[in-house]
Amino acid sequence: MIKNNPFITIFLLFFIEVVLFIYIDYANLFSVHNEDLLMIVSFFTIPFIAILLRVFLVDEPYKKSFKYFTIFLIIVSIIGFIILSYLGALAKAYQH
């Protein structure tokens, strides 16, 4: 059951992504000149993987619920990106 469950795959990928960004920030492996690009990649990587899993790999028992979960991930990613973009622009405005 665990091997075929797409929800566990998405949650594990999410935690791996969070740990990876914490490690990259801690180790200063590279400096990002365009913070918006990094934010876009960080917000939309997991929904993109969920869409790919939905299209290619989801078994029949999880098909309908994983479809709704994928739509939920996309909506949350878009809302989170809009909110953090707004807060980032607001912070830049207060710096000047």
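As shown above, the structure is provided for reference.
What counts, and where the lines are drawn
- Think of each chain on its own: its residues are numbered from 1, step by step along the sequence as written.
- Side-chain atom pairs in this predicted model are given and counted only at pLDDT of 80 or more, local residue features only at pLDDT of at least 70, and totals for whole chains, interfaces and linings cover all residues.
- Only heavy atoms go into the side-chain values, all of them from the structure, while hydrogens and water stay out.
- The way it works is that DSSP assigns letters per residue, a run of H or I at least four long becomes a helix, a run of E at least two long becomes a strand, and they are numbered from the N terminus.
- Buried means the residue's accessible area, taken with a 1.4 Å probe over protein chains only, is under 20% of the maximum for its type, while exposed means over 50%, and partly exposed covers the values in between.
- What sets the accessible areas is the Shrake-Rupley method with a 1.4 Å probe; for residues, cover comes only from the shown protein chains.
- Whether two residues are in contact is decided by their heavy atoms: any pair within 4.5 Å suffices.

Right, let's talk about the overall build of the protein for a bit. What the protein contains, in helices and strands, is 3 helices and 0 strands. Across the protein, helices and strands are ordered from the amino to the carboxyl terminus as α-α-α. When burial is assessed residue by residue, the protein has 21% of its 96 residues classed as buried. Looking at the protein as shown, the accessible area adds up to about 7,500 Å², and 74% of this sits on carbon and sulfur atoms.

Turning to the environment of glutamate 17, a few remarks are in order. Within the secondary structure layout, glutamate 17 lies in helix α1 (residues 6-27). Accessibility expressed as a relative area gives 11% for glutamate 17, which makes it buried. Expressed as a C-alpha distance, the spacing of glutamate 17 and serine 42, which sit 25 residues apart in the sequence, is 7.8 Å. Not counting residues within four places of it along the chain, the set of residues in contact with glutamate 17 comprises Val41, Ser42, Thr45 and Ile46.

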